[in-house]
Amino acid sequence: MRRRATTVWLAAAVPALAGVSGAGEVVHLLQGTHPSDGFGAQVAGPGDLDGDGVPDVLVAWHLGASTKFSAHSGADASALYVWDVPYLPSGPVVDGAGDFDADGFADAVLREGPHVSVRSGKTGAPLLTDAAPAMSVARGGDLDQDGFDDVLIGGSGEVVARAGPVGAILRVFPGLGLPAETLGRSCDSAGDFDGDGWLDVVAGAPFAGSGPYQDGYAAVFSGLDASLRFVWLAPEKGFALDVAGIGDVNGDGRDDVAVNVDHGVNSVDTNRTYVYAGPAADPLFVLSDPIHRGIGRNSGAEIVAKRQELRFRIGVHALPQR
């Protein structure tokens, strides 16, 4: 079976996480230009980049010898910006940066090969370039409550928060020091997870540990002082390849987090998203997709859950040629 160019669907967000299985109204449809361009390898909802009052969308993909990042209008799906970088064999990583420079426009954070950049939503120009190796990038929110949003950069063994607008190191969130430590493979703002009035950080360490399974863990750190707040040990392989803060799902006044399990596209095992409410060892509930095995791929926790704060619910598909 031949395949068409890959496709990103933009649909109206479901009003609550419990309803994610329902179909949303398709708002826009973005398509790649070549069957192997990987359009939609990563997607993110950065907020309103162009200041028109409508949240926009970021897409990353490969094309030939380059990796591309594009920003698209939520109003009409037109391209606002396209950023080209050398081909990234480890895959592109993109997320919203919040309002990093406090100019009233949302910004974007990209992993561009050997460095990370924060791009202005107003102009597309770089606001920050960080040469530190990165495995993940994410918005951190205003961790230090100075009026500027901060960004998270996950490396091998730690997550670093860079402060807007100058990029100074604000916090360092270290791993547990396990063999094959991988903390930083995924990261995101956890919202106010511990209820102390300060934003926190959730990070994943898939496959960290020792022994034949090396299943890893996910952890939440205090945004106030970088102290460790809670750790969930992996219930199965592929745990914490992606994490996301998802707001207060159960209405207890504390924000919650989602942690993905990704068994890979060739596995017969079902991918899952574990939703944890506050400092509890057991998940509030577990989402799974036994048919498509896709709920844990392409930032699945963010796609499934965080879209409720945006206008879009985003899915990535390769459509069969008929």
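Up top you'll find the structure we're talking about.
Keep in mind that what you see is a predicted model, and the values were worked out from it rather than measured.

The rules behind the values
- Residues numbered from 1 in each chain as written.
- Predicted model: local features only at pLDDT ≥ 70, side-chain atom pairs only at ≥ 80, totals over all residues.
- Heavy atoms only, no water.
- Phe/Tyr/Trp six-rings, centres within 6.5 Å; stacked < 30°, edge-to-face > 60°.
- Buried < 20%, exposed > 50% of the residue type's maximum accessible area, 1.4 Å probe, protein only.
- Pairing = 2+ DSSP bridges.
- Helix = DSSP H or I, 4+ residues; strand = E, 2+ residues; numbered from the N terminus.
- Axes fitted to C-alpha atoms, helices over the stretch in contact; angles between N-to-C directions.
- Salt bridge = Lys/Arg side-chain N within 4 Å of Asp/Glu carboxyl O.
- Core = buried A, V, L, I, M, F, W, Y, C linked by side-chain atoms within 4.5 Å.

**Q** It is not clear to me how the packing of aromatic side chains should be interpreted in this structure. Could you clarify?
**A** Working definition: an aromatic ring pair is given by the centre-to-centre distance plus the angle between the planes. Using the criterion set out here, one finds eight aromatic pairs in the structure. Their ring planes at 15 degrees and their centres at 6.3 Å tell us that Tyr274 and Tyr276 sit as a pair that is stacked. Of the residues examined, Tyr276 reaches a relative accessible area of 2% and is grouped as buried. Grouping aromatic residues by their ring pairs yields a cluster made of Phe193, Phe230, Trp232, Phe239, Tyr274 and Tyr276.

**Q** When you look at the sheet that holds strand E18 (residues 228–233) in this model, what are you seeing that I'm missing?
**A** Think of a sheet as strands paired side by side through backbone hydrogen bonds, with each pair either parallel or antiparallel. Spatial strand order, E15-E16-E17-E18: four strands in an open sheet with antiparallel pairing. Of all strands in the sheet, those with a lone pairing partner are strand E15 (186–191) and E18, marking the two edges. For this sheet the average axis-to-axis angle between neighbouring strands, irrespective of direction, equals 20 degrees. In the sheet, strand E16 (residues 200–206) pairs with strand E17 (residues 216–221) via six bridges, with the strands oriented antiparallel.

**Q** Can you help me understand the pattern of salt bridges in this one?
**A** Here the structure, examined in full by the defined rule, presents six salt bridges. Where Asp95 meets Arg139, a salt bridge forms, and the shortest distance between an N and an O atom there is 3.5 Å. On the criterion of sequence distance, the pair formed by Asp95 in strand E7 (residues 93–98) and Arg139 in strand E11 (residues 136–141) is long-range, its members being 44 residues apart. Of the charged contacts in the structure, one is a salt bridge between Arg119 and Glu112, with a shortest N-O distance of 3.3 Å. Here Arg119 and Glu112 have matching classes, each one buried.

**Q** Where do I start with the pairing of strand E19 (residues 239–247) in this structure?
**A** In terms of residue burial, E19 counts as a mostly covered element, since eight of its nine residues are buried. Bridging between E19 and strand E20 (residues 256–261) involves five bridges; their strand directions are antiparallel. Of the residues in E20, the one forming a bridge with Val243 is Val259.

**Q** What am I meant to see in the nonpolar core here?
**A** Nonpolar side chains in soluble globular proteins tend to be buried together. The biggest cluster of nonpolar side chains holds 18 residues, and the ones touching the most others in it are Leu152 and Phe173. Mapped by element, the contributors of at least two residues to this core are strand E13 (158–162), strand E14 (169–174), E16 and E17.

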